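The lines below spell out each chain.
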Amino acid sequence: MGPGASFDQELIRSPWIVTGQMLARTSMSPRRLEAQAMLLMLMFLNASGAFVGINIGTQVSNPPSPSDIVSILKEKKIQHVRLVNSDHQMLVALANTGIEVMVAVPNDQLLRVGQSRPTAADWVNKNVAAYLPATNITYIAVGDEVLTTIPNAALVLVPALQFLQSALLAANLNTQVKLSSPHSMDVISKAFPPSTATFNSTWSSVMSPYLQFLKTTGSVFMLNAQPYYGYVKGQGIFPLEYALFRSLNPNSQIADPNTNLFYTNMFDAMVDATYNSMKAMNFTDIPVMVTASGWPSQGGRNEPAADVDNALAYNGNLIRHVLNNSGTPIQPNNQVSTYLFELFNEDLRAGPVSEQNWGIMFTNASAIYSLTFEDVATTTTDSPALRGMFCVANSSAPHSALKQSLDWACGPGSANCSAIQPGQPCYKPDDIVAVASYAFNDYYHRTQASGGTCNFNSTATMSSTDPSHGSCIFAGSTGANGSDSGAASGPASQDSFASHSQSCWLTHLVAALLPVVLLL
């Protein structure tokens, strides 16, 4: 910590602290329509939170077979994929897997689709309808960064969306499959500070009807948010830690001067800049979905930030950040589902060395680095062999060393640190030893069976004294009655309990309403 900064300030500003939290034309009676609308609304409210999916590119000289790719997705428990086209072999391989699929109208097909309603209908029939319901197609991405890469096609973007929407309506698929178009951050003229961000006025005549289409159809704004490019183009304006979701030095905090909101990472700032750009055009109810975000694992001699360590740090921290459902500083309740860029290195991509090295795997399917796509906060830490044993912080270790180890445990270490966030039972802003002890112990109990240790650069030690206190229960605690406390992974927050209660209530209500709706 820097001079004059309290541990409370440092804790709040750490990147692992949450900073904020179809109806077709029909002759149905109004009463039945209203009841069905209510049912659909309740089912929507009962949906799960944000997810992390992955992009699968095609510029690969010797790609694995579609069946092998699906096996990899299953092994890594990846439930959402974005295809850059509508490859029919992949769509067949993905059938009956339950994996949600985003297909795409490639840029080289956009002009034909956007100039002909029959062509758009044919595209939907051949690339979507033909594979449903076996293949769970949920989104169509129409083009990719059209406004900034092929501006001559800008005027057909909205017509293409409208023609495709008409085709989905005709096939009765408009509630299952949503349409949008991914944009790069380059459509925003000045992204920081987020509060004053606006879309480039060059695209106003396209952006307004585009946003109206998204609002009318209940779709999302697709954003390719790449902090790697933001960091490189910034030429030192932003710290590398800010791009990688790492803890910032107290003297280098990033704040929006108009809102006084702190940004612990560039990803959130990019998303909030998009929300405010839409707000500047009087659209405030369109959620953002990030369709590409990642970090290259290798670069050329003039690309020092592109390396394996940074790629692992960014992607690992991004997954944890998305899965904690925290939203952004301006939109704490709007969760941001994200597709990681990307599954395989694309060795045929043009450009600098980094452009061919965004994958988490080589084309021979060997891993460049290891990532988990599960919500580590929901995995158990209960290990009978470790009950009564605790990994705690060494009280004599320097606070700076404890802080560094704490950041690692809650970041790359994948410890569940929700219980030490502000307002939670293990939050102690003035006691870094107690807070670090909870994180170290959670990490140790999660990973000991697979080789995890209680060391943390000599800032931790084993103890048989239970550090649990009040409602703050440590993994390994047997509780006051001598039995397993059942809270090994840390106390559930009020938010998670409320979410579970709401889910149960909504499930029962939907079950009660369904017979009534069907009888109307």
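Heads up: the structure comes first, above all this text.
Residues numbered from 1 in each chain as written. Predicted model: local features only at pLDDT ≥ 70, side-chain atom pairs only at ≥ 80, totals over all residues. Heavy atoms only, no water.

Draft legend 1. Representation of the overall build of the chain. Scanning the chain from N- to C-terminus turns up 16 helices and 13 strands. Here the chain, with 520 residues, has 50% of them falling under the buried criterion. When the accessible surface of the chain is split by element, carbon and sulfur atoms take 52% of a total near 23200 Å². (Helix = DSSP H or I, 4+ residues; strand = E, 2+ residues; numbered from the N terminus. Buried < 20%, exposed > 50% of the residue type's maximum accessible area, 1.4 Å probe, protein only. Areas by Shrake-Rupley, 256 points an atom, 1.4 Å probe, with all protein chains shown as cover.)

Draft legend 2. Layout of the state of the cysteines. As enumerated under the stated definition, the model contains three disulfides in all. Here C410 pairs with C417 through a disulfide, and the sulfurs are 1.9 Å apart. Taking the torsion about the S-S bond as the criterion, the C410 to C417 disulfide, at about -90°, is left-handed. Neither residue differs from the other here; C410 and C417 are each classed as buried. (Disulfide = S-S within 2.5 Å.)

Draft legend 3. Quick look at unusual backbone geometry. Residue P133 is bonded to the preceding L132 through a cis peptide linkage, with omega at 5°. Examined against the element boundaries, P133 turns out to sit in the loop between α6 (117-129) and β4 (136-142). Looking along the chain, the bond that leaves F341 and enters E342 is cis, with omega of 15°. Secondary-structure assignment places E342 in the loop between β11 (338-340) and β12 (390-393).

Draft legend 4. Representation of the layout of surface pockets. Empty space within the second largest pocket amounts to approximately 1100 Å³. Lining the second largest pocket are 41 residues, with E145, S184, N224, Q226 and Y229 positioned closest to its centre. Taken together, the elements giving at least two residues each to the lining of the second largest pocket come down to β2 (80-83), β3 (100-105), α7 (146-149), α10 (227-234) and α12 (266-279). A total of four residues in the lining of the second largest pocket trace back to one element, the largest contributor, which is α10. Here the lining of the second largest pocket is built from residues that sort into 18 nonpolar, 14 polar and nine charged. (1 Å grid on protein atoms, 1.4 Å probe; cavity = no way out; pocket = protein on both sides within 12 Å on 5 of 7 lines; lining within 4 Å. Points joined across faces, edges and corners; volume = space filled by probe spheres on them. Nonpolar A, V, L, I, M, F, W, Y, C, P; charged D, E, K, R; others polar.)

Draft legend 5. A look at empty space enclosed by the protein. By volume, the largest cavity is sized at about 60 Å³. Forming the boundary of the largest cavity are A50, F267, D268, H321, V322, N324, N325, S326, G327, T328, Q335 and V336. Among the elements of the structure, α12 and α13 (308-323) are those that each provide at least two residues to the lining of the largest cavity. Classifying every residue of the lining of the largest cavity by side-chain character gives four nonpolar, seven polar and one charged.

Draft legend 6. The arrangement of the sheet that holds strand β6 (residues 183-184) in detail. Overall, parallel pairing links the nine strands, which are arranged β5-β4-β3-β2-β1-β11-β10-β7-β6 in an open sheet. Lying at the two open borders of the sheet, with one neighbouring strand each, are β5 (178-180) and β6. The sheet contacts of α12 involve β7 (221-224), β10 (288-293) and β11, and relative to β10 the element is tilted by about 135°. (Pairing = 2+ DSSP bridges. Contact = heavy atoms within 4.5 Å. Axes fitted to C-alpha atoms, helices over the stretch in contact; angles between N-to-C directions.)

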